[in-house]
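Read off the chains here:
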Amino acid sequence: MRTVPIPVDTAKLTITCVKAPRPRLLNRDTGEIKTDKNGNTVYEVTVSVEDESGRIELLKIGITGEPPITAGDPVNAVGLLGYVWEIAGRWGISYRATALLPAKENTGA
């Protein structure tokens, strides 16, 4: 199966960090941490995503480098992409972003 990135339009979504960023483990037994092709640590961030109708989903988003967010922060997911995967008859969508930044509140000033 060829993996084609699917861009996610986040303009009408409310994204909130629900679990602090942590390095993604490749192997729980050995503690091996996932790195990108340049050797940088890949982090995993659990977020809630709410759409306009109020439907909420929990997602894990992968990102290179530790993002400057903590649990409870509203988040701006820059360059969010979904990747469909299939292994041994099971499938799902994994998510990756170029940046996860604290969302700026509109002050109206």
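Up top is the structure these notes are about.
Figured I'd write up the structure that's included with this text.

The rules behind the values
Residues numbered from 1 in each chain as written. Predicted model: local features only at pLDDT ≥ 70, side-chain atom pairs only at ≥ 80, totals over all residues. Heavy atoms only, no water. Helix = DSSP H or I, 4+ residues; strand = E, 2+ residues; numbered from the N terminus. Buried < 20%, exposed > 50% of the residue type's maximum accessible area, 1.4 Å probe, protein only. Contact = heavy atoms within 4.5 Å. Lys, Arg positive; Asp, Glu negative; His and termini not counted. Charge placed at Lys NZ, Arg CZ, Asp CG, Glu CD. Core = buried A, V, L, I, M, F, W, Y, C linked by side-chain atoms within 4.5 Å. Salt bridge = Lys/Arg side-chain N within 4 Å of Asp/Glu carboxyl O.

**Quick notes on the overall build of the protein**
Part 1 of the reasoning: Scanning the protein from terminus to terminus reveals zero helices and ten strands.
Part 2 of the reasoning: Sequence-ordered secondary structure for the protein, helices as α and strands as β, is β-β-β-β-β-β-β-β-β-β.
Part 3 of the reasoning: In the protein, which comprises 109 residues, the share counted as buried stands at 24%.
Part 4 of the reasoning: When contacts within the protein are restricted to residue pairs at least 6 apart in sequence, long-range pairs at least 24 apart make up 55% of them.
Part 5 of the reasoning: Here the protein carries 13 positive and 13 negative side-chain charges, and the mean point of each set is 5 Å from the other.

**Points about the nonpolar core**
Part 1 of the reasoning: With 15 residues, the main nonpolar core has I15, V45, V47, I61, I69, V75 and L100 as its most contacted residues.
Part 2 of the reasoning: Put simply, the parts of the chain that give this core at least two residues each are β2 (14-23), β5 (42-50), β6 (56-64) and β7 (74-78).
Part 3 of the reasoning: A per-element tally of this core places β5 first, with four residues.
Part 4 of the reasoning: Those residues within four positions of V75 in sequence are excluded, and the remaining contacts are I15, T16, C17, I69, L100, L101 and A103.

**Points about the pattern of salt bridges**
Part 1 of the reasoning: For the structure on display, the rule yields four salt bridges.
Part 2 of the reasoning: Taking the shortest distance from any N to any O, the salt bridge between R24 and E44 comes out at 3.9 Å. Of the two residues, R24 is situated in the loop between β2 and β3 (25-27) and E44 in strand β5; the sequence distance between them amounts to 20 residues.
Part 3 of the reasoning: On the accessibility criterion, R24 (38% relative accessible area) is partly exposed.
Part 4 of the reasoning: A relative accessible area of 15% means that E44 is categorised as buried.
Part 5 of the reasoning: For the salt bridge of K60 with E44, the shortest nitrogen-to-oxygen distance reads 3.9 Å. Residue K60 is found in strand β6, and its partner E44 is found in strand β5; the two are separated by 16 residues along the sequence.
Part 6 of the reasoning: A single salt-bridge network, built from bridges that share partners, covers R22, R24, E44 and K60.

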